[in-house]
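Chain residues, written in single-letter form:
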Amino acid sequence: MDWNTIFVTTVKASIGLETVVYALAAIGVNIQFGYAGLLNFGQAAFLGVAAYGMAVTVATFHLPFWLGILIGLAATVVLAFLLGIPTLRLRADYLAIVTIAAAEIVRLVFRSVKFSSVFGGSDGRQNFSGDFFAMNPYSPGTYGIGPISFNERVTWVLTVGWVLIAIACGLVYLLMKSPWGRVLKAIREDEDAVRSLGKNVFSYKMQALVLGGVVGCLGGFLFALGQASVQPDLFSTEFTFYAYTIVILGGAARVFSPVVGAALFWVLLVFVGNTLSEAVSAGMLPSLFTVNNIGAVRFMLVGLGLMLLLIFRPQGIFGDKREIALDAR
Amino acid sequence: MHADSTTTKKAAALAAFAGLDREPGVAKPDPILVVDKVVRRFGGLTAVDVDHVEVQRGSITALIGPNGAGKTTFFNQLTGFDSADEGSWTFNGKQLKGVPAHRVARSGMVRTFQLTKALSKLTVMENMRLGAQNQRGENFFRALIPGSWRRQEDEITERAEELLERFKLDAKRDDFAGSLSGGQRKLLEMARALMVGPELVMLDEPMAGVNPALTQSLLGHVKDLREEGMTVLFVEHDMDMVRDISDWVIVMAQGAVIAEGPPDTIMSDPRVIDAYLGAHHDAPMSAEEFEEQLQEAEAELESEIEEKA
């Protein structure tokens, strides 16, 4: 068993591209679900329209990179309004139904043969990240401590990513300390009570949906840029459910929980996955386990771990046990 | 001094009602709320069909009626939580039909709920602060600049503290609202409604689920609202409470207002007795009718005995 490789990949996973992307998506979900109680099961679509908005603008229409970013942001806001206007006046479950369906529609449109001249079908789009890497201030080489280091391109993506995470966390911190955040949390508890106190609940829910979508869409940009490519199947429903898992793992309605949750989630996945594959190649596991099925086994083990967490620490890592106790009343 | 003002406000309210007709929809001298021909149907069921009703400013008016009379539905319509199929109503002369609930509250008509809606995972203080109106920090962009709302927040906190003290919840200030008892939640809900600065307070069953020890203090708080110049309209089943605090009673049955009157005499109104107990339960009988019924009953008994034998 090569413990050194396992250690290095695990540490790299804790700050790597997936962690950054999922952390941003989860910060968005935390705003919507954790604070405002909105069940947006279509977070993947928000990242998808942003990533595709940028990629298509640059790769298909050969327009400037920054215009692509603007179009990606605009597409996210439009999606939020499209989903929110018909459903936010209804009971909470309707938003969940509509968003999960919309996310699949968005993904299927991206991969459809009909629109493959625009979106590139199941191959997606490439050749749009040139301008982004042209801005890279790092000269070629590796950056990091000893074996835990990245090349200049990855370093640039991660730098931008962690700066965006810091900004998003700062934003959430300021907002949730303010009267605006108080209205949001109150809506999560009971909409009618908030209405009876003269607050326009629909408007606040819409603001939360848009804000969560926009924060999440930053993750979409980074996902596309970090891989220098977008494919429709990156934005499937599992993506959204991983984001929810991360929020609940960290503890809903806490500023840093999506970030720590995302890092922990990927550390667990990578550590368990690599340990299993090392153990299989060293012949330490029964022949039932092969290189082909340990991918599934690692999800089983991580799933088991998450279940145990929810049983023994239902409030998540940062949650307050008293709040969970209130639900049982 | 307190007792003094109590008597004057109460006397003023009672004077306004003196000599009023007992008919449903009777005109009041200074109505704050005027309702006309409000109808609400759920499929084939007409839940509310109120022809005309007025609520006197500065009074405590009770809305009573048997279960299913449509009191809560009527309440929901007036406060914008449910839409009316027909009709109109004005609050302080302002048309309110079709106005969404949050605008109704802003215009000064604030309600509480039958099933208390304490915001469990917010502290008692946060619950109170939420009630304040025109908060600068509730705007998304200004929320990002704490300096723009801090001072207002301090003023709100001060006002909330005064109210909490009055409602004896100041010790619970930093507890989650979800940890309060049922009665304390009712108190919190009422105090929170006062943070809005209402002119008309609509209480939907303020005594439901409140432990008897708290009843008296809750009653006192409702009376205090009138002392401060507010108008109170409340739905209640507890007739002792209705008699104790209300100045005027409106009775609903099967969706319509069937009678109005002062609390001490309303329960002896035949229309009200009919509504609660059914029209023929003890209709006054002549001596012949009584004889007839007695004979019928005896005949029935005899036939039963014969059957058994």
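Residues numbered from 1 in each chain as written. Chains lettered and ligands numbered in written order. Predicted model: local features only at pLDDT ≥ 70, side-chain atom pairs only at ≥ 80, totals over all residues.

Draft legend 1. Highlighting the overall build of chain B. Helices and strands together make up the secondary structure of chain B, namely twelve helices and ten strands. Buried residues in chain B amount to 42% of all 309 residues. Long-range contacts, defined as pairs at least 24 residues apart, comprise 70% of the intrachain contacts of chain B with a sequence gap of at least 6. (Helix = DSSP H or I, 4+ residues; strand = E, 2+ residues; numbered from the N terminus. Buried ≥ 20, exposed ≤ 12 C-beta atoms within 10 Å, placed from the backbone. Contact = placed C-beta atoms within 7 Å.)

Draft legend 2. Looking closely at the interface of chain A and chain B. Contact with chain A, which involves 25 residues of that partner, is made by 32 residues of chain B. Sorting the residues of the side of chain A that touches chain B by element identifies α8 (152-177), α9 (179-189), α10 (191-196), α11 (201-227) and α15 (321-327) of chain A as the ones contributing at least two each. Element by element, the count of residues in the side of chain A that touches chain B is highest for α9(A), at seven residues. Grouping the constituent residues of the side of chain A that touches chain B by class yields ten nonpolar, five polar and ten charged. (Nonpolar A, V, L, I, M, F, W, Y, C, P; charged D, E, K, R; others polar.)

Draft legend 3. Region of interest: unusual backbone geometry. Residue and element names in this part refer to chain B. Despite not being glycine, K168 shows a phi value in the positive range, around 55°. Checked against the element boundaries, K168 lands in the loop between α6 (150-166) and α7 (182-195). Of the residues examined, K168 has 14 C-beta atoms within 10 Å and is grouped as partly exposed. Positive phi is not limited to glycine here, since E205 has a value of about 50°. Position of E205 among the secondary structure elements: in the loop between β7 (200-204) and α8 (212-227).

Draft legend 4. Representation of the sheet that holds strand β5 (residues 94-95) of chain B. Residue and element names in this part refer to chain B. In spatial order, the strands read β2-β1-β4-β5; together these four strands make up an open sheet with antiparallel pairing. Each end of this open sheet is capped by a strand with a single partner; those strands are β2 (45-56) and β5. Across ten bridges, strand β1 (residues 31-42) lies against β2 in antiparallel orientation. For L33, the partnering residue across the bridge sits in β2 and is V55. (Pairing = 2+ DSSP bridges.)

Draft legend 5. Spotlight on the UniProt feature "transmembrane region" (unreviewed entry) in chain A. Residues and elements named next belong to chain A. The residues that UniProt annotates with the feature "transmembrane region" (unreviewed entry) are residues 6-31, 38-59, 65-85, 156-176, 208-227, 239-256, 263-285 and 291-312. Secondary structure within residues 6-31 divides into 96% helix and 0% strand; the distance between the first and last C-alpha atoms comes to 34 Å. Split by type, residues 38-59 is 77% helix and 0% strand. Its first and last C-alpha atoms lie 34 Å apart. (UniProt positions renumbered as here; feature names shortened; annotations may be inferred.)

Draft legend 6. Spotlight on the sheet that holds strand β9 (residues 248-253) of chain B. Residues and elements named next belong to chain B. Strands sit in the order β6-β7-β8-β3-β9-β10 across an open sheet of six strands; the sheet is mixed. Looking at strand neighbours, the two that pair on one side only are β6 (109-111) and β10 (256-261), the edges of this open sheet. On average, each strand axis in the sheet is tilted by 20° relative to the strand beside it, whichever way the strands run. Here strand β3 (residues 60-64) pairs with strand β8 (residues 231-235) via four bridges, running parallel. Among the inter-strand pairings, T61 is bridged to a residue of β8, identified as L233. Contacts from helix α11 (residues 270-277) reach β9 and β10 within the one sheet, and its direction differs from that of β10 by about 135°. (Axes fitted to C-alpha atoms, helices over the stretch in contact; angles between N-to-C directions.)

Draft legend 7. The pairing of β3(B), seen in detail. Residues and elements named next belong to chain B. Along β3, five of the five residues are buried, which leaves the element largely enclosed by surrounding structure. Of the two faces of β3, the one lined by I60, A62 and I64 and the one lined by T61 and L63 are each fully buried. Two strands pair when backbone bridges link them, and β3 and β9 are joined in this way by four bridges, in the parallel orientation. Each residue of the ladder has a partner; that of L63, found in β9, is I250.

Draft legend 8. Highlighting α11(A). Residue and element names in this part refer to chain A. Spanning 27 residues, α11 covers 39 Å between terminal C-alpha atoms, matching the ideal 39 Å at 1.5 Å per step. The buried fraction of α11 is high, at 22 of 27 residues. Where α11 ends, the next residue or the one after it, A228, has phi of about 55°, a positive value. (Expected span 1.5 Å × (residues − 1).)

Draft legend 9. Looking closely at the packing of helix α2 (residues 17-35) of chain A against helix α12 (residues 237-250) of chain A. All names here are of chain A. For the pair α2 and α12, the least separation of the axes is 8 Å and the interaxial angle reads 70°. When the interaxial angle is binned, α2 and α12 end up roughly perpendicular. Along its contact with α2, which presents Y22, A25, A26, V29, N30, F33 and G34, the element α12 presents Y242, A243, Y244, I246 and V247. Along the lines of polarity and charge, the residues of the contact of α2 with α12 split into ten nonpolar, two polar and no charged. (Parallel < 35°, antiparallel > 145°, perpendicular 65-115°, else oblique.)

Draft legend 10. Region of the structure containing the pairing of β7(B). Residue and element names in this part refer to chain B. Taken across its five residues, β7 has five buried, putting it largely inside the fold. Of the two faces of β7, both are covered, the one formed by L200, M202 and D204 as well as the one formed by V201 and L203. Where β6 meets β7, three bridges bridge the pair, whose relative direction is parallel. Across the sheet, V110 pairs through a bridge with V201, a residue of β7. Pairing geometry for β7 and β8, over five bridges, is parallel. Bridging across to β8, L200 finds its partner in T231. Handedness of the β-α-β unit built from β7, α8 and β8 comes out right-handed. (Right-handed = clockwise from strand over helix to strand, strands pointing away.)

Draft legend 11. Focus on the domain arrangement of chain B. Residues and elements named next belong to chain B. Entries for chain B in the domain assignment read domain 1 (7-118 + 180-268) and domain 2 (270-308). One C-alpha centre belongs to domain 1, the other to domain 2, and the line joining them spans 38 Å. Residue-level contacts link eight residues of domain 1 with four residues of domain 2. For the side of domain 1 that touches domain 2, the elements supplying multiple residues, two or more each, are β9 and β10. Grouping the amino acids of the side of domain 1 that touches domain 2 by side-chain chemistry returns seven nonpolar, one polar and no charged. (Domains from an automatic or database assignment.)

Draft legend 12. Expanded view of the environment of A:I165. Residues and elements named next belong to chain A. Here I165 shows up in helix α8. Separated by 142 residues in sequence, I165 and A23 have C-alpha atoms that sit 7.4 Å apart. In this view, I165 contacts V20, A23, L24 and V259; residues no more than four positions away in its chain are not counted.

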